[in-house]
Amino acid sequence: MSKLGKIIKVAGPLVVAENMTGSKMFDIVSVSEKKLMGEIIGFSGDAASIQVYEETGGIGVGEPVYPTGVPLTVELGPGIIESIYDGIQRPLNKIYDKAGDYITRGVQVEALDTEKKWKFEPIAKKGDNVSEGDFLGFVQETPIIKHYIMVPFGTAGEIKSIEDGEFTIKDTVACIKTKNGDVDVKMVQKWPVREQRPYTEKISPDMPLFTGQRVIDMFFPLARGGTACVPGPFGSGKTVIQHQLAKWVDAEVIVYIGCGERGNEMTDVLLEFPELVDPKSGIPLMKRTVMIANTSNMPVAAREASVYTGITIAEYFRDMGYSVALLADSTSRWAEAMREISGRLEEMPGEEGYPAYLGAKIASFYERSGVVKCLSGENDRVGALSVIGAVSPPGGDLSDPVVQATLRVVKVFWSLEANLAYSRHFPAISWLNSYSLYIDNISDYVKKNVKDDYFDLQTEAMRILEKESELEEIVRLVGMDALSAEDRLILLTARMIREDFLHQNAFHEVDTYSPVEKQYKMMDLIIYFYNQARDYIKLGADIKLIETMKVRNRIARMKYIKNTEIEKIDTIKEEINTEISSLIEE
Amino acid sequence: MLKEYKSIVNVSGPLLHVEGLEGVKYEELVEIRLVDGSIRNGKVLEVDGDKALVQVFEGTTGIETEKTSVRFLGRGIHMYVSPDILGKVFTGLGRPKTERDKIIPEKSIDINGAPINPYARDYPNEFIQTGISSIDGLNTLVRGQKLPIFSGSGLPHNRIAAQIARQAAVLGKKEEFAVVFVAIGITFEESQFFISDFEKSGAISRSVLILNLANDPAIERIATPRVGLTCAEYLAFELNMHVLVILTDMTNYCEALKEVSAARKEVPGRRGYPGYLYTDLATIYERAGRIKGKTGSITQIPILTMPEDDKTHPIPDLTGYITEGQIILSRSLHKKKLSPPIDVLPSLSRLKDKGIGKGKTREDHSDIFNQLYAAYARGKEVQELAVILGEAALTDMDKIYFKFAENFENEYVSQGEYENRSIEKTLDLGWKLLSIFPREELKRIRDEYLDKYLPRFKKEEPGES
Ligand SMILES: Nc1ncnc2c1ncn2[C@@H]1O[C@H](COP(=O)(O)OP(=O)(O)O)[C@@H](O)[C@H]1O
Ligand SMILES: [Mg+2]
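Just so it is clear, the structure is predicted and the values come from calculations on it, not from any experiment. (Residues numbered from 1 in each chain as written. Chains lettered and ligands numbered in written order. Predicted model: local features only at pLDDT ≥ 70, side-chain atom pairs only at ≥ 80, totals over all residues. Heavy atoms only, no water.)

1. A closer look at empty space enclosed by the protein
So, point 1. Summed over the entire model, instances satisfying the criterion amount to 5 cavities of 30 Å³ or more.
So, point 2. Of the voids in this model, the largest cavity is the one considered here, and its volume is about 180 Å³.
So, point 3. Lining the largest cavity are 15 residues; nearest its centre among them are Arg339(A), Pro394(A), Arg270(B), Gly275(B) and Leu318(B).
So, point 4. Mapped onto the lining of the largest cavity, the elements with two or more residues apiece are helix 6 (331–344) of chain A together with helix 6 (277–285) and helix 7 (314–322) of chain B.
So, point 5. Here the residues of the lining of the largest cavity sort into 8 nonpolar, 2 polar and 5 charged.
So, point 6. Within this model, the second largest cavity holds a volume of roughly 130 Å³.
So, point 7. Lining the second largest cavity are 13 residues, and of these Gly133(A), Val151(A), Arg197(A), Asp319(A) and Leu375(A) sit closest to its centre.
So, point 8. When grouped by side-chain class, the residues that make up the lining of the second largest cavity number 7 nonpolar, 2 polar and 4 charged. (1 Å grid on protein atoms, 1.4 Å probe; cavity = no way out; pocket = protein on both sides within 12 Å on 5 of 7 lines; lining within 4 Å. Points joined across faces, edges and corners; volume = space filled by probe spheres on them. Helix = DSSP H or I, 4+ residues; strand = E, 2+ residues; numbered from the N terminus. Nonpolar A, V, L, I, M, F, W, Y, C, P; charged D, E, K, R; others polar.)

2. Side note on the interface of chain A and chain B
So, point 1. Listed by partner, the interface residues are 80 residues for chain A and 79 residues for chain B.
So, point 2. Interface of chain A and chain B: buried area, both sides summed, is about 6600 Å²; carbon and sulfur atoms make up 53% of it.
So, point 3. Of all residues in chain A, Phe234(A), Asn264(A) and Arg424(A) bury the most surface against chain B, accounting for 13% of the area lost on that side.
So, point 4. Applying the counting criterion to the chain A and chain B interface returns 9 salt bridges.
So, point 5. Salt-bridge contacts for Glu499(A) lead to Lys443(B); the nearest nitrogen and oxygen are separated by 3.2 Å.
So, point 6. One can count 36 residue pairs in polar contact (both at pLDDT 80 or more) joining chain A with chain B.
So, point 7. Sorting the residues of the side of chain A that touches chain B by element identifies strand 1 (5–11), helix 1 (92–99), helix 4 (263–272), helix 5 (300–319), helix 6, helix 11 (454–478), helix 12 (485–502) and helix 15 (551–556) of chain A as the ones contributing at least two each.
So, point 8. At 9 residues, helix 4 of chain A tops the list of elements feeding residues into the side of chain A that touches chain B. (Contact = heavy atoms within 4.5 Å. Buried area = accessible area lost by both parts, 1.4 Å probe. Salt bridge = Lys/Arg side-chain N within 4 Å of Asp/Glu carboxyl O. Polar contact = N/O pair within 3.5 Å; in protein donor to acceptor, adjacent residues only side chain to side chain.)

3. A few points about the site of ligand 1
So, point 1. What surrounds ligand 1 is a group of 17 residues, the closest being Gly235(A), Lys238(A), Thr239(A), Val240(A) and Arg350(B).
So, point 2. What surrounds ligand 1 is not a single chain but chains A and B.
So, point 3. In this structure, Gly237(A) approaches ligand 1 through a main-chain N or O atom, which is 3.0 Å from an oxygen atom.
So, point 4. At 2.7 Å, a backbone N or O of Val240(A) approaches an oxygen atom of ligand 1.
So, point 5. Considered on its own, ligand 1 offers 550 Å² of accessible surface; in the complex 94% of this is hidden by protein.
So, point 6. Within the residue set of the shell around ligand 1, elements represented by two or more residues are helix 3 (238–248) of chain A together with helix 9 (352–355) of chain B.
So, point 7. In terms of residues, the shell around ligand 1 owes the most to one element, helix 3 of chain A, which gives 3 residues.
So, point 8. Residue composition of the shell around ligand 1, by class: 7 nonpolar, 6 polar and 4 charged. (Near = heavy atom within 4 Å. Areas by Shrake-Rupley, 256 points an atom, 1.4 Å probe, with all protein chains shown as cover.)

4. Some details on the sheet that holds strand 12 (residues 127–129) of chain B
So, point 1. With antiparallel pairing, 3 strands are arranged side by side in an open sheet as 13-12-15 (chain B). The open sheet has two edge strands with one neighbour each: strand 13 (141–142) and strand 15 (169–170) of chain B. (Pairing = 2+ DSSP bridges.)

5. A short note on the nonpolar core
So, point 1. Among the nonpolar cores identified, the biggest contains 163 residues, and Phe219(A), Trp414(A), Phe529(A), Ile546(A), Ile555(A), Phe181(B) and Phe408(B) are the most heavily contacted of them.
So, point 2. Top element by residues in this core is helix 13 (residues 516–538) of chain A. It accounts for 12 residues.
So, point 3. Mapping this core onto the domain boundaries places at least three of its residues in each of domain 2 (79–109 + 199–436) and domain 4 (454–585) of chain A.
So, point 4. If we ignore the near neighbours within four places in the chain, the residues touching Trp414(A) are Ile216(A), Phe220(A), Leu222(A), Ala228(A), Cys229(A), Val230(A), Pro231(A), Leu245(A), Ile388(A), Ile429(A) and Ser434(A).
So, point 5. With 73 residues, the next largest nonpolar core counts Met187(A), Val253(A), Ala335(A) and Ile362(A) among its residues. (Core = buried A, V, L, I, M, F, W, Y, C linked by side-chain atoms within 4.5 Å. Buried < 20%, exposed > 50% of the residue type's maximum accessible area, 1.4 Å probe, protein only. Domains from an automatic or database assignment.)

6. So, a nonpolar patch on the surface
So, point 1. Taken together, the side chains of Met25(A), Phe26(A) and Phe43(A) define a hydrophobic patch exposed on the protein surface, amounting to about 240 Å² of accessible area.
So, point 2. Here Met25(A) shows up in the loop between strand 2 (14–18) and strand 3 (27–31). (Patch = residues over 30% accessible without salt bridge, like charges linked within 9 Å, V, L, I, M, F, W, Y side chains within 5 Å.)

7. Remarks on the domain arrangement of chain A
So, point 1. Domain annotation of chain A identifies domain 1 (5–71), domain 2 (79–109 + 199–436), domain 3 (118–187) and domain 4 (454–585).
So, point 2. Of note, the centres of domain 1 of chain A and domain 3 of chain A, computed from C-alpha atoms alone, are 37 Å apart.

8. A word on the packing of helix 3 of chain A against helix 4 of chain A
Residue and element names in this part refer to chain A.
So, point 1. Following both chains from N to C, one finds helix 3 and helix 4 inclined at 25°, their axes separated by 12 Å at the closest point. Relative to helix 4, the element helix 3 lies roughly parallel. Helix 3 and helix 4 meet at a crossing whose hand is right-handed. Taking contact as the criterion, the partners of Thr239, His243 and Lys247 in helix 3 are, on helix 4, Glu265, Asp268, Val269 and Glu272.
So, point 2. A breakdown of the residues in the contact of helix 3 with helix 4 according to their chemical character gives 1 nonpolar, 2 polar and 4 charged. (Axes fitted to C-alpha atoms, helices over the stretch in contact; angles between N-to-C directions. Parallel < 35°, antiparallel > 145°, perpendicular 65-115°, else oblique. Left-handed = near helix turned anticlockwise from the far one by under 90°.)

9. Quick word on the side chain of Ser415(A)
So, point 1. Relative to the helices and strands, Ser415(A) is located in the loop between strand 27 (412–413) and helix 9 (418–422).
So, point 2. Contacts of Ser415(A), omitting those with residues within four sequence positions, involve Pro231(A), Leu398(A), Ala428(A), Ile429(A), Ser430(A), Asn433(A) and Ser434(A).

10. Looking at the pairing of strand 15 (residues 172–178) of chain A
Residues and elements named next belong to chain A.
So, point 1. For strand 15, a buried count of 5 out of 7 residues is recorded, marking the element as mostly surrounded by other parts of the structure.
So, point 2. Direction of pairing for strand 15 relative to strand 16 (residues 181–186): antiparallel, over a ladder of 6 bridges. Among the inter-strand pairings, Ala174 is bridged to a residue of strand 16, identified as Val185.
So, point 3. Where strand 15 folds back onto strand 16 in an antiparallel hairpin, the turn is made up of 2 residues.

11. What to know about the packing of aromatic side chains
So, point 1. Enumeration over the complete set of coordinates arrives at 30 aromatic pairs over all chains.
So, point 2. Their ring planes at 70° and their centres at 5.4 Å tell us that Tyr316(A) and Phe317(A) sit as a pair that is edge-to-face. Each member of the pair, Tyr316(A) as well as Phe317(A), carries the same accessibility label: buried.
So, point 3. Site record: aromatic cluster; members linked through ring pairs are Tyr376(B), Tyr401(B), Phe404(B), Phe408(B), Tyr412(B) and Phe437(B).
So, point 4. A cation over an aromatic ring shows up here: Lys292(B) above the ring of Tyr96(A), its NZ or CZ 5.2 Å from the ring centre.
So, point 5. The side chain of Lys292(B) reaches across the aromatic face of Tyr119(B), ending 3.8 Å from its centre. (Phe/Tyr/Trp six-rings, centres within 6.5 Å; stacked < 30°, edge-to-face > 60°. Lys NZ or Arg CZ within 6 Å of the ring centre and 35° of its normal.)

In structure tokens:
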């Protein structure tokens, strides 16, 4: 064990200690007799700069620093699902049991329950030759998650023994004979959070990741294993989108990081997720969710760590072959935490005071996403990690360095607009400024598995929306009367697309989740209406008659048709035909 | 025994640099004794070797390096509390204002508090009726929420806050709010306005007043909201009361923080405010809410004046990023003599969804809410269009929207300072205003509610007959 360090400076979350030779960059240390956890983030001679994950009030010069010699790690094993952790993987429920309503300092709790017994069911058998990443067995952690126990990184050899039965995570479940002697494998492993977990090979994403949110799936879709960002001013709907994705996204495991945001938003998830059920499995959403909550009032250094804690846990489930979605709300608070620490280190500031390495950190965070061939000697296990980050630019200004650095690396951009939010058009995703660069990747899959003309409908709808914005300019200059009937039909249809399709109320029991089949039918119907009406106008019909068609009311209400009764949408087509023919007769 | 040091080497702005120290702790409370025997208070901002940087709450005027002595008290700033704080007045540092404000303390609490464990929170969901339509109907306040008022200089934010304090009630419950009123750098007149309003309504006996006025030391303002919130937490979570905290004006708080940051020569963030302003404000605003298993709650109404009425200024911007919505006042509505001049479009209550609806307000609340917003937003657009093209150029439907926006501002938003509307009345008013539209236009309202409510209001519409 290395010798004790001695504090020579305390400035907010930054502590400097001397006599620290023997420790390494990013080692964890324990600060003062209060045993506050900290991490070494810089050296100058034998003096280490330490970011402390807890409040440093009351700490002074001369107090000791205890080195541990290990970096910040997370514990990975059964018991992670359904947990709520702070930024450094301390379970908040256990802190609550120990310390009560407030998070006090120096609370030490285990990340995983070490006493609980899990039923370990072996997959490999004695005598099998295994290498890193191979499945040894699994624990049915929740009704929908099989938690596979994998051969630890750097281990390969022949299974000498393997158990079957009830064990705690500290018990040995298998013994592997390796070149360097026997290795006892337990159900828990540790991993340093700042290091990405290895895989065999990255594959480019080619499957959509549907979310049940119409503007996303139809216009700006995600790919499984892809990246997306949601920038917008406060109140524009970033958190609601993140919550909606956490609820409805078609992924198997969800990691939700509340990074420097509101306490009540985490409470909301905690109270709601056990009640809501996954539309596919019918199991409560909590049974596939891990939460990291380092809220705005919790220590800023732990906020910096929280995104790494979250993504490491996400990678771990990816390694089991799952499709994992990681939601980070908000990455700006993480960037600000970096800025604050960097400022205390008196580093040379870059744009807006952010450290010069901001862009590099953001890029390497999103780079941990992807579809991968998992590390494993025996099969072609494929896992995916999709990363969706909210960004909170000051004043909603997209020239913000965090937004810009993020846009350089992510492939989907959902641009939130204050004006849409003001009129309560939610999700307030701008249809003109947002983009998804995955459409080419996923279009084969969508054509084959959803509908052949899915993206044709999208293209037509987009054309109408773009045309609307041009026409609005004209209306603003010369008034509505200047427009032709066809142009007015464009305006009418665009309004239908916006209000009857894009607008989606997250708090409506049906509307909150729209399966793609329903989305397709809805869009198809609006375009059908448009085409029928256009033909009718070509016959010289009065646009006013179309504007007041009764069927529009049914179209407006189709979003509330239950997901089990979506064929009802088809019957509206007949009504369109009937009403138009009756107009023609008149 | 506490050691006294006479080793101040430098005074810059509100900061002292002291040397030759031993055992000094970060954030420790400091007592500074001036030559004339007067005492000031400070806080350690940084310790570096044998040096410490001390922020002086009362300012450094009159402090010289030779004879002024400094003692480090070995603890943070504490507030002394007992149930008797109700009805008392304290300074911005939490000291009794006069002899009659002295209490026999039951306990002392560090004013910095500690973060509430998100796991310990209970979600705020009890509707508070403020009697103001544009709040109750559209930006519903719930018990345990933090909902700021973004105002501008000369706008009637104080009147609105006082009206809320006067009228706030939870339906079907008798409990009255205890009020913690925290004045941060406001004028004597402004604070007197609140105090006399509390006196008139009788709330004064359930109030704790923490006053740092415009002529009080500016740096003390860094402690003032924390003193108030410490009282609030004590009342709410130890004495089980429902507490309404009014913090005014948070802009003065931020200015004080900026002053200290500038004196420390820190790299400034946006518009000269420190980069940690968000985190710092969060340690204030997050001290609101409900806690599992406790009956009390803290509802916060911070007030801030937006410099140049600019919502993107760092103070309102970062506040909006932390609080659970915002009530924004508009100068143009104020000029039109609407009272309260609440700009409903950019205003927001993030917690309304769980506080409204059947069993809380009324089943149709959420749909009416959505429809009013959609219609008013469209109406405002149409009004703008009419400015360019003239009203005559509007389509028939747009003319209805135009009229709606006007009626909405005059009847729904504007109501006067002493009108206390029930939620029923507010919701009905919404229906009445919307009834000028043909039914098909009311897309955001469920059919069943249209069937149930609309006919009642349609027939009253004179245009129909
Ligand atoms: N899809 C939606 N449906 C209904 N309301 C929404 C939706 N998205 C956002 N909102 C409303 O907007 C408010 C602010 O959204 P939020 O996601 O918290 O914003 P942000 O995180 O960008 O500050 C929410 O409290 C909610 O009232
Ligand atoms: Mg948010």
